[in-house]
Amino acid sequence: MANKNPLEITDKDEMRNWSRSMRAQGKTIGLVPTMGYLHEGHLSLIQESHKQTHLTVVSIYVNPGQFSPTEDLSAYPSDFLGDIQKLKSVPGGVDVIFRPRNLYDYGNKDDGVGGGVGWDQEGGKVVSCVEKSGMEHETWVRVERLEKGLCGISRPVFFRGVATIVTKLFNIVEPDVAVFGKKDYQQWRIIQRMVRDLDFGIKVIGSELVRDDDGLAKSSRNVRLSPDDRQKALSISKSLFKAKFAAENGQIDCQELRNAVIQAVHEAGGKIDYAEIVDQESLEKLEEIKRPAVFCVAAWFGNVRLIDNIEINV
Ligand code: AMP
């Protein structure tokens, strides 16, 4: 069967109108939010959406609201033509590629990168690239407890930005189902909680983490690793697999398990941001693995920050 040619939509009203007309015809819609530079991890989310709904929308938007001015927004890789080819050839195809230009531009003439009124860190406020640019956006969604630990410690605006952009995409696309990868485990839990707490009528699916054959978690950022750093970065997944094996064979002391992963990553030349074993739902730190846990790691290799995790059910 020939694959569908996806419709490309950049305008948010057009996007919403498309969704409404499809729903009026009794079609259900799945949304797969991405920041582009697509790989098999993203494509697996599309397969998951196909299982759930008639139609699938993939959004491609690098969200300035989740990057702080010191982070890698401008270095974030992009290849829109390559992404389109991948989306055309994914089994079952996709129906719409939603690629908005700037979701924080509300038509105010003063808005724009480099504009004047953004708060800054000097005022004691942690800011994102949206505020730094002076764009007149001031409404943020926060999932107050879940956003604090793990990635939230070194990236204090990140989950506020994620919850806000996902809310905006939900309001524009109006999907029935939204699919997120467990690769970003904390993000998935945060979106699930937000949807529950704010009564969105959307089913959130967590889709399994996809790895390269040698174990490295697939990520758009992997392309920025030197070949040497990519090899060294395997220490993350290798040590996580070992930790899972050890836990399933009776080693339930989290400090011991964490030490082994931290040591392996250090010895490989990486810099640990965090290595924590937490409850799968509440994301609270555990001392012993006696309930469903997830071992989450963030580490730097060169100037690339990688995250990975593994679920442990003893
Ligand atoms: P990103 O483009 O990195 O923002 O990711 C968009 C979506 O793809 C998120 O829900 C991610 O969790 C998911 N994703 C990214 N990498 C993977 C992976 N290796 N396996 C499964 N899902 C992934």
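So, here's what we can say about the structure. In this text the structure is predicted, and so the values were computed from the model without any measurement.

Tallying secondary structure elements over the protein gives nine helices and nine strands in all. For a compact globule of 314 residues, the expected C-alpha radius of gyration is about 20 Å, and the protein comes in at 20 Å, within 12% of that figure. Burial statistics for the protein: of 314 residues in total, 54% are counted as buried. Pairs at least 24 residues apart make up 71% of the contacts formed inside the protein by residues separated by at least 6 positions. When the accessible surface of the protein is summed, it comes to about 15,000 Å², and 48% of that surface belongs to carbon and sulfur atoms. Taking the 41 positively charged and 45 negatively charged side chains of the protein as two groups, their mean positions are separated by 2 Å.

Attention shifts here to the side chain of Ser133. Its location among the elements puts Ser133 in helix 4 (residues 129-133). Residue Ser133 is classed as buried on the basis of its relative accessible area, which comes to 5%. Polar side-chain contacts of Ser133 include one of 3.3 Å to the backbone nitrogen of Met135.

The N-to-C vectors of helix 1 (residues 12-24) and helix 6 (residues 158-173) enclose an angle of 55°; their axes lie 7 Å apart at closest approach. If you check the angle between helix 1 and helix 6, you find them oblique. In contact with Lys12, Met15, Arg16 and Ser19 of helix 1, helix 6 contributes Asn171, Ile172 and Val173. For the contact of helix 1 with helix 6, the per-class residue count stands at three nonpolar, two polar and two charged.

Moving on, we come to the layout of surface pockets. Here the second largest pocket is characterised by a volume of approximately 500 Å³. Taken together, 25 residues line the second largest pocket, and the ones lying closest to its centre are Tyr61, Val62, Pro64, Leu73 and Arg101. Of all the elements in the fold, those that place two or more residues in the lining of the second largest pocket are helix 3 (80-89) and helix 4. Sorting elements by how many residues they give to the lining of the second largest pocket places helix 4 first, with three residues.

Before going further, it helps to spend a moment on the sheet that holds strand 4 (residues 96-98). Read across the sheet, six strands follow the order 1-4-3-2-5-6 without closing on themselves; strand pairing throughout is parallel. The sheet is open, and its two edges are formed by strand 1 (7-9) and strand 6 (203-207), each paired on a single side. The sheet shows a mean angle of 25° between the axes of neighbouring strands, taken without regard to direction. Relative to strand 5 (residues 177-181), strand 2 (residues 29-34) is paired through two bridges, and the arrangement is parallel. Across the sheet, the residue bridging to Leu31 is Ala178, located in strand 5.

This paragraph deals with the sheet that holds strand 9 (residues 304-312). Spatially, three strands are ordered 7-8-9 in an open sheet, and the strand pairing comes out antiparallel. One side of each edge strand has no neighbouring strand; the edge strands of this open sheet are strand 7 (271-279) and strand 9. Going from strand to strand, the sheet's axes swing by 10° on average, the running direction of each strand aside. With eight bridges joining them, strand 7 and strand 8 (residues 293-301) adopt antiparallel strand pairing.

The next thing to look at is the site of the ligand. Near the ligand, the surroundings consist of 17 residues, among which Met35, Gly181, Asp184, Val210 and Lys218 are the closest. One of the side-chain nitrogen or oxygen atoms of His42 is found 2.9 Å away from an oxygen atom of the ligand. A distance of 2.8 Å separates an oxygen atom of the ligand from a polar atom in the backbone of Gly181. At the level of secondary structure, the elements contributing two or more residues to the shell around the ligand comprise strand 2, helix 2 (40-52) and strand 5.

Calculation notes
Residues numbered from 1 in each chain as written. Predicted model: local features only at pLDDT ≥ 70, side-chain atom pairs only at ≥ 80, totals over all residues. Heavy atoms only, no water. Helix = DSSP H or I, 4+ residues; strand = E, 2+ residues; numbered from the N terminus. Rg over C-alpha atoms; globule rule 2.2 N^0.38 Å. Buried < 20%, exposed > 50% of the residue type's maximum accessible area, 1.4 Å probe, protein only. Contact = heavy atoms within 4.5 Å. Areas by Shrake-Rupley, 256 points an atom, 1.4 Å probe, with all protein chains shown as cover. Lys, Arg positive; Asp, Glu negative; His and termini not counted. Charge placed at Lys NZ, Arg CZ, Asp CG, Glu CD. Polar contact = N/O pair within 3.5 Å; in protein donor to acceptor, adjacent residues only side chain to side chain. Axes fitted to C-alpha atoms, helices over the stretch in contact; angles between N-to-C directions. Parallel < 35°, antiparallel > 145°, perpendicular 65-115°, else oblique. Nonpolar A, V, L, I, M, F, W, Y, C, P; charged D, E, K, R; others polar. 1 Å grid on protein atoms, 1.4 Å probe; cavity = no way out; pocket = protein on both sides within 12 Å on 5 of 7 lines; lining within 4 Å. Points joined across faces, edges and corners; volume = space filled by probe spheres on them. Pairing = 2+ DSSP bridges. Near = heavy atom within 4 Å.

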